[in-house]
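A structural walkthrough
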Amino acid sequence: MPAPSPTLAELAARFALGLRGDGAVRVRGVATLARAGEGQLAFLANPRYRQDLAGTRAAAVVLAEADAADCPVPCLVAASPYAAFARIAALFETGPAPAPGVHASAVVADDARVDPGAHVGPFTSIGARCQVGAGAVIGPGCVIGDDCVVGPGCELLARVTLVTRVRLGARVRVHPGAVIGAEGFGLAMEAGQWLKVPQLGGVQIGDDCEVGANSCIDRGALDDTVLEQDVRLDNLVQVGHNVHIGAHTAMAGCVAVAGSARIGRYCLVGGGAGIAGHLSVCDRVTITAMSLVTASITEPGEYASAMAAQEARRFRRNAARFRQLDALARRMGAPPKD
Amino acid sequence: MPAPSPTLAELAARFALGLRGDGAVRVRGVATLARAGEGQLAFLANPRYRQDLAGTRAAAVVLAEADAADCPVPCLVAASPYAAFARIAALFETGPAPAPGVHASAVVADDARVDPGAHVGPFTSIGARCQVGAGAVIGPGCVIGDDCVVGPGCELLARVTLVTRVRLGARVRVHPGAVIGAEGFGLAMEAGQWLKVPQLGGVQIGDDCEVGANSCIDRGALDDTVLEQDVRLDNLVQVGHNVHIGAHTAMAGCVAVAGSARIGRYCLVGGGAGIAGHLSVCDRVTITAMSLVTASITEPGEYASAMAAQEARRFRRNAARFRQLDALARRMGAPPKD
Amino acid sequence: MPAPSPTLAELAARFALGLRGDGAVRVRGVATLARAGEGQLAFLANPRYRQDLAGTRAAAVVLAEADAADCPVPCLVAASPYAAFARIAALFETGPAPAPGVHASAVVADDARVDPGAHVGPFTSIGARCQVGAGAVIGPGCVIGDDCVVGPGCELLARVTLVTRVRLGARVRVHPGAVIGAEGFGLAMEAGQWLKVPQLGGVQIGDDCEVGANSCIDRGALDDTVLEQDVRLDNLVQVGHNVHIGAHTAMAGCVAVAGSARIGRYCLVGGGAGIAGHLSVCDRVTITAMSLVTASITEPGEYASAMAAQEARRFRRNAARFRQLDALARRMGAPPKD
C-alpha cells in the first residue's frame with residue numbers, strides 16, 4: 001500500500017473543513033506545530049501551543065476559525081480542530097491488520113467458536129464455550145477464560161486476561177496487561193478469619209469501549225459489572241465489582257472506583273481520583289485529578305478535593321494549622337463541628 | 001454434577017441459622033434483593049439496601065434478627081448475614097476444578113518438583129528448584145522463577161509471575177497479572193548516577209492469603225518481605241521490599257506500602273491509601289481511602305487525611321485559603337508554626 | 001562458581017574504603033544489622049537503624065566515619081555507606097546468567113535481528129523489524145511488537161510488553177508486567193462520541209533506565225515519549241504520552257505523570273504523587289508522596305500537597321472546617337478569594 005499524500009483540497013472536501021490558502025499542497029504525514037516540516041500537517045487545538053503557530057514550518061495547519069488569520073501557512077479550518085486532526089491522522093496510521101486465523105501454538109477449547117475472520121496470536125488460550133466474533137484480533141499471550149464473548153472487531157492487543165463470564169461488545173479495544181473479570185474483593189469476617197464471598201456475576205462491556213494497559217475490571221458478585229458503550233479507561237484503572245459506568249464516560253490513569261458505585265454518562269474523571277463504593281454520580285460530572293468522592297453527586301458540574309503542591313516548608317506549616325483547624329475556628333467563635 | 005437445590009430447612013441446619021417461614025422452600029440460586037426471582041435466595045447485610053426488602057421477589061432472604069419482622073418472604077436469620085450468605089453462595093459456584101497434570105506446552109525445569117495432583121496450564125514456565133504442592137493450580141501464562149514454593153491448594157489464576165525466592169503457604173490465591181518477588185526499589189546515588197542495590201531476599205506469603213490482579217509485592221533486600229496468614233490484597237496494590245503485614249489485614253485497591261513498613265494484624269486499609277516506609281502501624285488500625293500515613297501509629301482506631309470532593313469552585317477558594325493558613329492563624333494571634 | 005569470601009582488607013582495597021579492626025576477617029554474605037551473624041557483613045546508612053549497631057552480631061559493618069567509634073566489630077568506613085554496601089552486596093548475588101540462544105517455543109519474525117549472544121525465553125514473541133542487542137535477556141512470556149529495539153545488555157525479566165516503536169538503550173532493566181509503548185489516551189469528542197486520536201509516535205528509553213513491575217509508559221501521539229538515561233521508575237507507575245523525563249530522575253511506586261509533562265533531571269517523586277499534563281518541572285525537584293503538581297515548577301526544592309493522617313474523628317472536624325475555610329477567612333476580614 002503506497003503512503004497516502006492527499007492534497008489540502010481533497011482533505012477539506014473529505015472532512016468538510018474550511019480551506020485557506022493553496023489547496024494543491026500535498027500532505028505526506030502529520031507532526032506537531034513545533035516539529036512539523038516539509039509535507040507535514042500540524043494542528044492547533046490547545047491554546048498552550050498557540051505560541052508555536054507563527055514559527056511553524058508545517059506544510060499546513062488544522063485550526064479553529066479564530067486562529068486562521070495568524071497562520072503563516074495554508075490551513076484547514078475546523079469547528080473542532082482536534083477531532084478533524086484525529087480523522088486526518090488516521091490516514092497515516094501504518095501497519096497491516098493481523099491476518100485471520102489461529103496461531104499454531106494457541107490452545108482453543110473444543111467448544112469455543114472462533115470466527116474464521118478473527119485473528120488469534122501465539123501463546124493465547126481460549127476457554128470453554130467462548131465466542132470470538134468476525135474481525136476480532138486477540139494478540140499474543142492472552143488468556144480468555146470460560147464463557148467469554150469477544151465481539152466483532154474487538155482488539156485485545158497482547159497479554160490481556162478475560163477471567164470468566166466477560167462479554168465484550170463490538171470494537172472494544174483492550175490494551176496489554178488488562179485483567180477483566182477477576183473476582184471482586186468480597187470478604188466477610190467470621191470468627192476472626194476472612195471468608196471469601198463467591199463472585200458469581202460477570203462483566204458486560206459495551207460497544208466501542210477502551211480499557212487501558214494493566215487496568216482491572218472485576219466481575220460482579222451476583223449481578224454483572226457493566227460498562228455501557230463508548231466508555232474509555234486509561235491505564236492502571238481499577239473498577240470494583242458491580243460498578244456501573246454510563247456511556248461516553250472517560251477515566252484517566254490510576255483512577256479507582258470501588259464496588260457497586262454507579263457512574264453516569266459523559267463523566268470525566270481525572271487521573272488518580274477515587275470514587276467510594278455504593279454511591280451514585282449523575283451524568284456530566286467532572287472529578288478533578290486525585291480527588292476523592294465519598295458521597296453521591298446529583299448535580300452535573302465539576303468537583304474537587306485534591307490540593308496543588310506548594311513549596312514544602314510552607315505546606316507543612318499550613319498542614320500543621322489544618323490539624324488544629326476546628327480548634328482555631330472555635331476560638332474565633334464558630335459553632336462546634338462534631 | 002446436578003445443580004444443588006437445598007431447602008431452607010436444610011440450609012438452616014447446615015449453617016446453624018434461624019428459620020422463619022416455610023422450611024420446605026427450595027433454593028436454586030442466589031441474587032440481590034432487587035433482582036432475585038423465583039427459587040433465588042437474597043441477603044440483607046448493608047443497611048443501604050434495606051429499602052429493597054419490602055418489594056423483594058426472592059424465594060427467601062438471609063438477614064439479621066432485627067430485619068426479620070420486615071421480611072415479606074421466608075428468611076434465614078444469621079448473626080452475620082453476609083458471612084452466612086457467603087457460605088450458602090459457595091454451594092452455587094459452578095465449574096469443575098482443573099484436572100491434575102502439566103500441560104504439554106509448559107516448560108518445567110528438570111529439578112522442579114510438581115506434585116502429581118497439581119495442575120499446570122499452557123504456556124507456563126517453572127524454574128529451577130521450585131516445588132508445587134498437592135492440589136495447586138497454576139493457570140495459563142504464569143512464570144515461576146527459580147527457588148519458588150507454591151504450597152498445597154494454591155491457585156495462581158493466569159499470567160502470574162513469581163520472580164524468585166517466593167514461598168507461598170497453603171491455599172494462597174493470586175489473581176492474574178500479579179507480580180510477586182520483583183526486585184525492590186533499592187538505589188544508592190553515587191557520583192551522580194544511580195547504583196542498584198542488590199535485592200537478595202525473598203517473599204514469604206502465609207496460608208490463605210490473597211493477592212489481587214496486577215498487584216506487586218517486591219522481594220526483600222536482605223531479609224524477606226512477609227505477609228502473615230489470611231492477608232487479603234485487592235487489585236493494583238503495591239507492597240515494597242521488606243514490608244511486613246500482619247495476619248488478617250485487608251487492603252483495598254491501589255494501596256501502596258513503601259519499603260520496610262510494618263503493618264499490624266486485623267488492619268483495614270482503604271483504597272488508594274499510602275503508607276510511608278520504615279514505620280510501624282499497630283494491630284486493628286483502619287486507614288480511610290486515599291489517606292497517607294507518614295508516622296508510626298501506636299493506638300488502634302481509625303485514621304484519615306483525605307478530604308471529600310466538593311463543588312470545584314468552592315473547593316478552589318478554600319484551597320487558596322489553605323495555602324495561606326499559617327499566615328491567617330498568625331494574624332489571629334496563634335503562636336508560630338515553624 | 002564457588003561462593004566468594006573476601007577479607008575486609010580486600011574489600012577495603014577494592015572499593016577504596018577505610019578499614020577499622022581486623023582486616024583478615026572474611027565475609028561470606030550480607031545481612032541487616034539486626035539479623036547478621038557469623039561471616040556476614042551489615043551496613044548502617046539510615047539513622048533509624050543506629051540503635052541496632054551496639055548489639056549487632058555481624059562480622060563487620062559498613063558505615064560512615066561518624067559512626068565508626070560506636071561500632072563493636074570491625075568496620076569499613078565509606079563516604080556513602082549505602083553505595084559501598086551496594087557494591088559489596090553485588091558480589092553475593094547468585095545465579096548464572098541465562099544462556100544465549102532463542103528458546104524453541106519463541107516466535108521471532110523473519111526480519112527481526114536477534115544477536116547470537118542474546119537470550120530469548122519460552123513463550124516470547126518478537127515482531128517485524130525488531131533488533132535485540134548483544135547480551136540482552138528477554139525472559140519468558142514477553143511480547144515485543146513491531147519496530148522495537150532492545151539494546152545490548154538489556155534485561156526484560158518476564159511478561160514484559162513492548163507494544164510498538166519502542167527503543168531501549170543499553171542495560172535497560174524492565175520488570176515483569178510492564179507495558180511500554182501502548183497507545184496514549186488521546187481522545188476527541190465529536191458529536192457525542194469519543195474519537196480515537198491516532199498515536200503515531202514511539203518511546204525512547206535511555207541507557208541504564210529501569211521500569212518497575214506493571215508500570216506503563218505510553219507511546220507518543222506524534223513525537224516520542226522520552227526517558228533520558230538512568231531514569232528509575234518503581235512499580236505501577238504511569239507515564240502518559242509525550243512525557244519527557246530527564247536523566248537520573250527517580251519515581252517511587254504508583255506515581256502518575258500525565259501527557260506531555262516535562263520533568264527535569266535529578267528529580268525525586270514520592271510514591272503515589274501525580275503530575276498534571278502539559279507542564280514543566282525543572283531539575284532537582286523533590287515531590288513528596290501523594291502530592292499533586294498542577295502547575296510548572298521553576299525552582300529546585302521540595303514541594304508537597306498531601307497531608308498526613310490523623311485520628312479520623314479529629315480529621316473529620318478539621319475537614320468540615322476546611323470546606324468553609326473561605327467563608328471563615330472572610331469573616332475574619334480577609335479579602336475575597338474568587
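See the structure above.
Definitions and limits used
- Residues numbered from 1 in each chain as written.
- Chains lettered and ligands numbered in written order.
- Predicted model: local features only at pLDDT ≥ 70, side-chain atom pairs only at ≥ 80, totals over all residues.
- Heavy atoms only, no water.
- Pairing = 2+ DSSP bridges.
- Helix = DSSP H or I, 4+ residues; strand = E, 2+ residues; numbered from the N terminus.
- Least-squares fit on C-alpha atoms with pLDDT ≥ 70 in both.
- Buried < 20%, exposed > 50% of the residue type's maximum accessible area, 1.4 Å probe, protein only.
- Polar contact = N/O pair within 3.5 Å; in protein donor to acceptor, adjacent residues only side chain to side chain.
- Contact = heavy atoms within 4.5 Å.
- Buried area = accessible area lost by both parts, 1.4 Å probe.
- Salt bridge = Lys/Arg side-chain N within 4 Å of Asp/Glu carboxyl O.
- Nonpolar A, V, L, I, M, F, W, Y, C, P; charged D, E, K, R; others polar.

**Describing the sheet that holds strand β28 (residues 244-245) of chain B**
Backbone-to-backbone hydrogen bonds join strands into a sheet, with any given pair of strands oriented parallel or antiparallel. All names here are of chain B. Reading across the sheet, the nine strands line up as β8-β11-β14-β17-β22-β25-β28-β31-β34 and stay open at both edges, with parallel pairing between neighbours. Each edge of the open sheet carries a strand with a single partner, namely β8 (113-114) and β34 (280-281). Bridge count between strand β14 (residues 149-150) and strand β17 (residues 166-168): two bridges; the pairing is parallel. Counterpart to Val150 in the pairing with β17 is Leu168.

**With respect to the sheet that holds strand β32 (residues 268-269) of chain C**
Read across the open sheet, the 12 strands follow the order β38(A)-β37(C)-β35(C)-β32(C)-β29(C)-β26(C)-β23(C)-β18(C)-β15(C)-β12(C)-β9(C)-β6(C); overall the sheet is mixed. The sheet is open, and its two edges are formed by β38 (310-311) of chain A together with β6 (101-102) of chain C, each paired on a single side. Inspection of the sheet shows strand β29 (residues 250-251) of chain C paired to β32 of chain C by two bridges, in the parallel sense. Bridging from a neighbouring strand, Met251 of chain C pairs with Val269 of chain C of β32 of chain C.

**Side note on the relation of the copies chain B and chain A**
Here chain B sits on chain A after a turn of 120 degrees about the axis and a move of 0.0 Å along it, with an RMSD of 0.0 Å. Here the symmetry operator amounts to a three-fold rotation axis.

**Looking at the pairing of strand β4 (residues 60-63) of chain C**
All names here are of chain C. Residues Ala60 and Val62 line one face of β4 and the alternating positions Val61 and Leu63 line the opposite face, and both faces are buried. Both β4 and strand β5 (residues 75-77) contribute to a ladder of three bridges, which runs parallel. Considered in β5, the bridge of Val62 is made with Leu76.

**Some thoughts on the side chain of Glu210 of chain C**
By the secondary structure assignment, Glu210 of chain C is in strand β23 (residues 210-211). Polar side-chain contacts of Glu210 of chain C include one of 2.8 Å to the side chain of His175 of chain C. Once residues lying within four places of it in the same chain are set aside, the contact partners of Glu210 of chain C are Glu183, Leu187 and Lys196 of chain B together with Arg173, His175, Val231, Arg232 and Leu233 of chain C.

**Side note on the interface of chain B and chain A**
Each partner contributes residues to the interface: chain B has 72 residues there, and chain A has 78 residues. Surface buried jointly by chain B and chain A totals about 5900 Å² across both partners, of which 63% is contributed by carbon and sulfur atoms. Where chain B touches chain A, the interface holds seven salt bridges. Note that Glu190 of chain A and Arg87 of chain B form a salt bridge whose closest N and O atoms lie 2.6 Å from each other. Summed over the shared surface of chain B and chain A, the result is 29 residue pairs in polar contact (both at pLDDT 80 or more). Counting residues per element, the ones that place at least two in the side of chain B that touches chain A are α3 (81-89), β26 (232-233), β29 (250-251), β38 (310-311), α4 (312-322) and α5 (325-331) of chain B. In terms of residue count, the dominant contributor to the side of chain B that touches chain A is α3 of chain B (six residues). Grouping the constituent residues of the side of chain B that touches chain A by class yields 42 nonpolar, 13 polar and 17 charged.

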